Amino acid sequence: EKKIFGTEHSVNGVVANGEVITLGIIDKKIDHVISLQYENIVPSSLDLEVRKKVISIANEVIKALKLNWCGFHIDFMVTENNEIKILEVGGRLGGEMINAYLIPLAQPGINPYEILIEVVQGRLPLLEKDYTEKFVSKAASRVIISPKTGIISSVEGIEKVFCNSYCRYFFQRYGIGDEMVGADVKFKN
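Residues numbered from 1 in each chain as written. Predicted model: local features only at pLDDT ≥ 70, side-chain atom pairs only at ≥ 80, totals over all residues. Heavy atoms only, no water.

Participant: How do you make sense of the environment of glycine 91 when you look at a structure like this?
Facilitator: Its location among the elements puts glycine 91 in the loop between β5 (84-90) and α2 (99-106). Classification of glycine 91 by relative accessible area gives partly exposed; the value is 48%. Linking glycine 91 and valine 14, residues 77 residues apart in sequence, is a C-alpha distance of 8.9 Å. Excluding its chain neighbours within four sequence positions, the residues that come into contact with glycine 91 are Leu67, Cys70, Gly71 and Phe72. (Helix = DSSP H or I, 4+ residues; strand = E, 2+ residues; numbered from the N terminus. Buried < 20%, exposed > 50% of the residue type's maximum accessible area, 1.4 Å probe, protein only. Contact = heavy atoms within 4.5 Å.)

What follows is the structure, encoded as structure tokens:
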């Protein structure tokens, strides 16, 4: 094993009848101290040449693994030399608030879950092989964590979130009286 440094990203898509169809590339922000992926943004702000290289690698990897009739995601890191290092390949759409959820918000008409339902039934619902450059806007998700451990005594500022015209959805996981502990004790707490 070797520790590598760079920015983390994910590419999401489906495979139908051996055809790899890429739907989106996402940029991630991760706090490695507490092991938390706290921000996801589509479309990716990686340079066009790097995005093209990612799509090429995704095609090679999915075909080499012989994935078919399923969704997929490939998590990868781009190093300071623009090398692409694959971190994970999954035969499913990415989970949490990443590509599959954010794509429809920034690319109307493309819903990865609706597409996947067609694919797993043996149908090829799309005409093109790459949709990563077709975004009409940006979409993002952000996790805000408690600044310290202990019992939550107050929650302030939520009304400002709802007043922000860019906010489409807000979910509060914990509230007054809940105990916040470190991620080493309880994941995502």
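Further notes follow.
Participant: What's the story with the sheet that holds strand β3 (residues 36-42) in this structure? I'm lost.
Facilitator: On the basis of which strands lie adjacent, the open sheet formed by six strands has the order β5-β4-β1-β2-β3-β6 and antiparallel pairing. The strands lining the two open edges of the sheet, one partner per strand, are β5 and β6 (139-142). Pairwise comparison of adjacent strand axes, ignoring direction, gives a mean angle of 25° for this sheet. Sheet topology places strand β1 (residues 7-16) next to strand β4 (residues 70-78); nine bridges connect them, and they run antiparallel. (Pairing = 2+ DSSP bridges. Axes fitted to C-alpha atoms, helices over the stretch in contact; angles between N-to-C directions.)

Participant: Can you help me understand a nonpolar patch on the surface in this one?
Facilitator: The grouping of Leu65, Ile86 and Val89 at the surface amounts to a nonpolar patch, some 230 Å² of accessible area in total. Looking at where leucine 65 falls in the secondary structure, it is placed in the loop between α1 (48-64) and β4. (Patch = residues over 30% accessible without salt bridge, like charges linked within 9 Å, V, L, I, M, F, W, Y side chains within 5 Å. Areas by Shrake-Rupley, 256 points an atom, 1.4 Å probe, with all protein chains shown as cover. Salt bridge = Lys/Arg side-chain N within 4 Å of Asp/Glu carboxyl O.)

Participant: Help me understand the environment of valine 42 in this model?
Facilitator: Considering the arrangement of structural elements, one finds valine 42 in strand β3. Put simply, valine 42 and leucine 87 are 45 residues apart on the chain and 19 Å apart in space, counted from C-alpha to C-alpha. If sequence neighbours within four positions are ignored, valine 42 has contacts with Ile25, Ile26, Leu102, Ile103, Ala106, Phe135, Ser137, Lys138 and Ala139.

Participant: I'm lost on the packing of aromatic side chains in this one. Help?
Facilitator: Both the distance between ring centres and the angle between the ring planes are used here to describe each pair of aromatic rings. With the rule as written, the count across this model stands at two aromatic pairs. Between tyrosine 101 and tyrosine 113 the ring centres are 5.5 Å apart and the planes differ by 45°, which places this aromatic pair in the tilted class. Taken together, the residues tyrosine 101 in helix α2 and tyrosine 113 in helix α3 (residues 112-120) connect sequence positions twelve residues apart. Judged by centre distance (5.5 Å) and plane angle (75°), the rings of phenylalanine 162 and phenylalanine 170 are edge-to-face. (Phe/Tyr/Trp six-rings, centres within 6.5 Å; stacked < 30°, edge-to-face > 60°.)

Participant: Whenever I open this one, the side chain of arginine 51 confuses me. Can you help?
Facilitator: Turning to its location among the elements, arginine 51 is positioned in helix α1. Excluding residues that lie within four positions of it along the chain, arginine 51 makes contacts with Ile25, Ser44, Leu46 and Glu133.

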